[in-house]
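# Topology and contacts: notes
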Amino acid sequence: MAHVVILGAGTGGMPAAYEMRELLGHQHQVTLISENPYFQFVPSNPWVGVGWRERSQIVFEIEPHTRRKDIEFIAQRAEKIEPEKNTVTLANGNTVTYDYLIITTGPALAFDAVPGSGPHSGHKHGTHSICTVDHAEKAYESYLHLLDSDNPDPIIIGAMPGASCFGPAYEYAMIVLADLEKRGARKKIKEFHFITSEPYIGHLGLGGVGDSQEILTRGLTSMGVQMHTNMNTTKVDDGKMLCEHFTEKGDKDAVGSHNFGFSMMLPAFKGVDAVAKVPDLCNPKGFVIVDKHQRSPKYPNIYSAGVCIAIPPVEATPVPTGAPKTGYMIESMVTALVHNIQSEIEGKSPDAEMGTWNAICLADMGTSGAAFVALPQFKPRRVDWFGEGPWVHWSKIAFEKYFIAKMKAGVSEPFYEKLVFQMMGISRLKSNEPAHLQKVG
């Protein structure tokens, strides 16, 4: 009997556990380990950050759902991984032994890269995050405090140097603007800044997608937002953000500061400590190095998927930016690795590869929204599209309900989901894509 251990129970880990159980049947053991006892639907955090969602609507306890699928769940933080012993040591001192380890921890948040940043800085007016539901709730409290002021200081929303997930920054900025309009408070905010490490608005860590630059620039401009690109945020003091501006050629040409009463700045990511400390498993930032089969070249029985894996930036930028890893891309990695582990258990060589690096995203903007499809993520692309409209807003709401429901049901890729994507020429596995599309990736 093989024992497959999955480390991390987010949008990669939960589907990995369900798919692994389905493929292996009940003659093998599947264990899911997570620091938190609950699953949180991270894409809804921007709504939590303005009070449009409550925690109970996007969070649920994991164990009752995994138990029904005969998946053991352990709510403990992993402290140490010892690949030579095939063990994971937990915070409570217990040790779990594995035959195969799947790392889907997601990232650690690198607030330490910018001194004074983050929701735990101790500043009365510090920068917030919407990367976790806890952070989003804290951001909402600070946002309400700002609105209580008769003469509120400016709002700053954006992304720190080295950030790779820019979509939620734009999403949160537009949601905050929509919420201010709903409350009749937009005129109270004299200044609203969008500060980003991207070389231009709509870069998104992808070198732009379709008309993203034009559409997002127009949207922010129409709402009176002051935009600042190529910005290297160097420090955060109480209510003050210190930044350096770089030219397109990469030369620093200005140093300044911006005062704020409320700020949400997406941080750069890094690897989780327990994973990053494993010799030769990760790159210098702590992201897991994997081959085309999602397997560690150093440790053949360790696989990884999601935001915690190492991929290069799409292009060099004056201020460092990373490439995003979107939901469907993560699920594609997961499907590839579970098939490969199944093959290994059956004595075969792993040969499954994720489909081309497909970046698909829905971003709500209050009453409207924006969506992009980059197939593949790296240029040249066969699909390079960015669109907007109220349909995206409703699609994002529907997707939230759908994804949470399928995680509770224990189904990773229902038949109808697979059918819809196949009609679009998109498959989780490369072997299932048409031959002319396989060559693109």
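Each chain carries its own residue numbering, running from 1 in the direction its sequence is written. Where local features are concerned, this predicted model is filtered to residues with pLDDT of at least 70; where side-chain atom pairs are given and counted, the filter is 80 or more; whole-chain, interface and lining totals use all residues. Computation of side-chain values covers all heavy atoms of the structure but excludes hydrogens and water.

### Looking at the sheet that holds strand β14 (residues 226-228)
Worth spelling out the cut-off: The pairing criterion is simple: DSSP has to find at least two bridges between the two strands. Helix numbers and strand numbers start at the N terminus; a helix is a DSSP run of H or I with at least 4 residues, a strand a run of E with at least 2. Two residues form a contact once any of their heavy atoms are found within 4.5 Å. Between N-to-C directions, angles span 0 to 180 degrees; the directions come from axes that are lines fitted to C-alpha atoms, helices contributing only their stretch in contact.
Taken in spatial order, the five strands line up as β11-β18-β12-β13-β14 in an open sheet, and their pairing is parallel. Looking along the sheet, the strands with just one partner apiece sit at the ends: β11 (127-128) and β14. Relative to strand β18 (residues 262-266), β11 runs parallel, the two sharing two bridges. Residue pairing across strands places Thr127 opposite Ser263, the latter belonging to β18. Set on the sheet, helix α5 (residues 133-147) makes contact with β11, β12 (155-159) and β18; between it and β18 the angle comes to about 150 degrees.

### Re the pattern of salt bridges
Rules: Salt bridges are counted wherever a side-chain nitrogen of Lys or Arg sits within 4 Å of a carboxyl oxygen of Asp or Glu. Partly exposed residues are those whose accessible area sits between 20% and 50% of the maximum for their type, while under 20% is buried and over 50% is exposed, using a 1.4 Å probe and protein chains only.
Applying the stated criterion across every chain yields a total of 23 salt bridges. Of the charged contacts, one joins Lys348 and Glu346 as a salt bridge, the two residues approaching to 3.3 Å between their closest N and O atoms. Residue Lys348 is classed as exposed on the basis of its relative accessible area, which comes to 52%. What emerges from the salt-bridge pattern is a single network uniting Arg53, Glu400 and Lys401.

### Section: helix α7 (residues 212-222)
Condition: The arc under discussion is defined with respect to the helix axis, by the directions toward the C-beta atoms.
Here α7 has its buried residues at Ser212, Ile215, Leu216, Gly219 and Leu220. Burial along α7 is one-sided: seen end-on, the buried residues are contained in an arc of 120 degrees. Exposed residues pointing more than 90 degrees away from the buried face of α7 are listed as Glu214 and Ser222. Against α6 (167-183), β13 (192-195), β14 and β23 (383-388) lie the buried residues of α7. In the stretch just after α7, Gly224 is the one whose phi turns positive, near 75 degrees.

### Some points on the sheet that holds strand β21 (residues 359-364)
If you trace the three strands from one edge of the open sheet to the other, you get β21-β22-β23, paired in antiparallel fashion. Two strands bound the open sheet, and with one partner strand each, they are β21 and β23. Between one strand axis and the next, the sheet turns by 5 degrees as a mean value, whatever way the strands run. In this structure, β21 lies alongside strand β22 (residues 369-375), joined through six bridges in antiparallel fashion. Directly across from Leu362, in β22, lies its bridge partner Ala371.

Keep in mind these numbers describe shape, not what the thing actually does.
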